[in-house]
2 protein chains.
Amino acid sequence: MWLNYIVNTYSFMKEHEKNTEQKILDAAEDVFMIKGMSGARMQEIADKAGINKALLHYYYRTKDKLFEKVFEKAFKIFIPKTLGMMSSDKPVIEKIEFFVNNYISLLYKHPFIPSFVLSELNRNPQILVNIFEKNIQFTENDILENFDKQIKTEVEAGILKPVDARNLMVNIIGMCIFPIIGRPVIQGVLFENNKAKYNEFLKQRKEFVKEFIINSIKA
Amino acid sequence: MWLNYIVNTYSFMKEHEKNTEQKILDAAEDVFMIKGMSGARMQEIADKAGINKALLHYYYRTKDKLFEKVFEKAFKIFIPKTLGMMSSDKPVIEKIEFFVNNYISLLYKHPFIPSFVLSELNRNPQILVNIFEKNIQFTENDILENFDKQIKTEVEAGILKPVDARNLMVNIIGMCIFPIIGRPVIQGVLFENNKAKYNEFLKQRKEFVKEFIINSIKA
DNA sequence: ATTTGATTTAACCAATTGGTCAAATTTACG
DNA sequence: CGTAAATTTGACCAATTGGTTAAATCAAAT
């Protein structure tokens, strides 16, 4: 359709109106996210995109290249946003409240990404190195260093108990991410496989986690 | 070798002394754990076990049956032990200290199981239902209910702040498990991909996590 | 209308994969 | 020993998989 180049500019367009490249990427995301790299089939991606398998290879030459695109997109949704949530000049407690709110919302919006990214990364940690090489200057170390100093300042000001920044970060992310990654186990073992109960559980997590952290580190 | 049935009884035996069935199971564990169900190759398992591929199918008829055995073993190492650590009549704080110590040790001993189990479970949650059907009466609900009551008692006794048992469990497990599941990201982003620094980090986690939890829930 | 370049398709291919089978070898046992 | 059962092997197969190719279609500029 010759109108494509106009229509494609807008996000309210429906499936058949998108250009092929985007349709492929969306389909690939769906399939890779659930089946993983080795479980995904090029034919299934083609079917879901409503195109021919040869066309898939016309746009993204190999499975690996397509996978790389999908993985990198998923990875970039999380890591930079995660670190971004930590960089502001709010006091630590407020920063943590902000972080937990936004991070859990992000997880709720993309529930399949964490399991996908972490399991593929466990299977092939080399992917990370490639991403690092491509995106030369990640400022994550500055952010961490900054957070560390801020904590120390507030400890001396008598606002916080002494606490290691890295350990704290791992605690926070672990508490947020585990209910998502471990959904099948949690829903099965803790909630008798009741989907509604699990969702209800998720809804009250934000408040519980925030209170739990603050109780622990407030002086 | 006709001595096999004697030799195999003991655990100090070397690879070539084990019986074929066990050699296969060990090899399958190695391969499935790292490559996952769809990434694993029967040929690789056979090679690693030092046997013929046909022999693999002689002992475990299909890939699915072999996978099921490996998965169930991995799953059973964690879930029952995890719940077991919660069932004692120690006071809550002591119970949590005991749990964190033992759970992190367990994770340290089997670092590939959590990622393997959770990612396969995310890809096919049905597996859980099958396991539940096989092992009819899991007593996890009693244990949870018990833990909940115990907390309420200690809250009324002024020992603990009010805290929901399920949320607390998810927090504890999340904090313990995330450093293992997220190893590539943590090592890469937090520790400049330095293996030694990551290991050092793991070593001090027990103390940090215990203190973090207790600080949070102690009245 | 013709040409040019980008897009799309159907048919095909070589390699891999899970799985089988009949024959050979080894083990257990009378 | 001899023989029956269990174990092990090499050769093989059908299906699947990622990927290719040449031809067809389409959009747009001359």
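Rules used throughout
- All residue numbers here refer to positions counted from 1 along the written sequence of the relevant chain.
- Here the convention is simple: chains get letters from A, ligands get numbers from 1, in the order in which they are written.
- Whole-chain, interface and lining totals are the exception, using all residues; otherwise, since this is a predicted model, local features are given only for residues with pLDDT of at least 70 and side-chain atom pairs are given and counted only at 80 or more.
- Computation of side-chain values covers all heavy atoms of the structure but excludes hydrogens and water.
- Near residues are defined by distance, with any heavy atom within 4 Å of the molecule or strand qualifying the residue.
- Helix numbering and strand numbering both begin at the N terminus, where a helix is a DSSP run of H or I of at least 4 residues and a strand a DSSP run of E of at least 2.
- Only protein chains enter the accessibility calculation, which uses a 1.4 Å probe. A residue is then buried if its area is under 20% of the maximum for its type, exposed if over 50%, and partly exposed in between.
- For the domains described, the bounds stem from an automatic or database domain assignment.
- Contacts between residues were defined by any pair of non-hydrogen atoms, one from each residue, lying within 4.5 Å.
- For this analysis, a salt bridge means a side-chain nitrogen from Lys or Arg found within 4 Å of a carboxyl oxygen belonging to Asp or Glu.
- The definition of a polar contact used here is a pair of N or O atoms within 3.5 Å, where within protein one atom must be able to donate a hydrogen and the other to accept one, and adjacent residues in sequence count solely through side-chain atom pairs.
- For this classification, the nonpolar set comprises Ala, Val, Leu, Ile, Met, Phe, Trp, Tyr, Cys and Pro, the charged set comprises Asp, Glu, Lys and Arg, and every other residue, Gly included, is treated as polar.

### What to know about the protein's contact with DNA strand D
Working step 1: Taken together, 16 residues lie near DNA strand D, and A:Arg41, A:Lys53, A:Lys63, B:Ala54 and B:Tyr59 sit nearest.
Working step 2: Listed by contribution, the elements that provide at least two residues to the surface near DNA strand D are helix H4 (53-59) of chain A together with helix H4 (53-59) of chain B.

### A closer look at unusual backbone geometry
Working step 1: A positive phi is found at A:Glu192, a non-glycine position, where the angle reads about 45°.
Working step 2: Within the secondary structure layout, A:Glu192 lies in the loop between helix H11 (183-190) and helix H12 (195-217).

### As for the environment of B:Glu211
Residue and element names in this part refer to chain B.
Working step 1: Considering the arrangement of structural elements, one finds Glu211 in helix H13 (residues 205-217).
Working step 2: With relative accessibility at 52%, the residue Glu211 sits in the exposed group.
Working step 3: Put simply, Glu211 and Lys149 are 62 residues apart on the chain and 23 Å apart in space, counted from C-alpha to C-alpha.

### Details of the domain arrangement of chain A
All names here are of chain A.
Working step 1: Each domain of chain A was delimited in the assignment, giving domain 1 (1-61) and domain 2 (68-217).
Working step 2: With 8 residues of domain 1 at the interface, the matching set in domain 2 holds 7 residues.
Working step 3: For the pair domain 1 and domain 2, the interface holds 1 salt bridge.
Working step 4: The salt bridge partner of Lys73 is Glu29, with a shortest N-O separation of 2.7 Å.
Working step 5: In this assembly, domain 1 and domain 2 are joined by 2 residue pairs in polar contact (both at pLDDT 80 or more).
Working step 6: Partitioning the side of domain 1 that touches domain 2 into residue classes produces 6 nonpolar, 1 polar and 1 charged.

### Quick word on the interface of chain A and chain B
Working step 1: At the interface, 54 residues of chain A touch 54 residues of chain B.
Working step 2: In this assembly, chain A and chain B are joined by 2 salt bridges.
Working step 3: Its salt-bridge partner being A:Arg123, residue B:Glu120 comes within 3.6 Å of it at the nearest N-O pair.
Working step 4: Applying the counting rule to chain A against chain B returns 21 residue pairs in polar contact (both at pLDDT 80 or more).
Working step 5: Breaking the side of chain A that touches chain B down by element, the ones donating at least two residues are helix H2 (20-39), helix H7 (113-123), helix H8 (126-134), helix H9 (140-156), helix H10 (165-181), H11 and H12 of chain A.
Working step 6: Here the element with the most residues in the side of chain A that touches chain B is H10(A); it accounts for 12 residues.
Working step 7: Looking at the side of chain A that touches chain B, its residues break down into 29 nonpolar, 16 polar and 9 charged.

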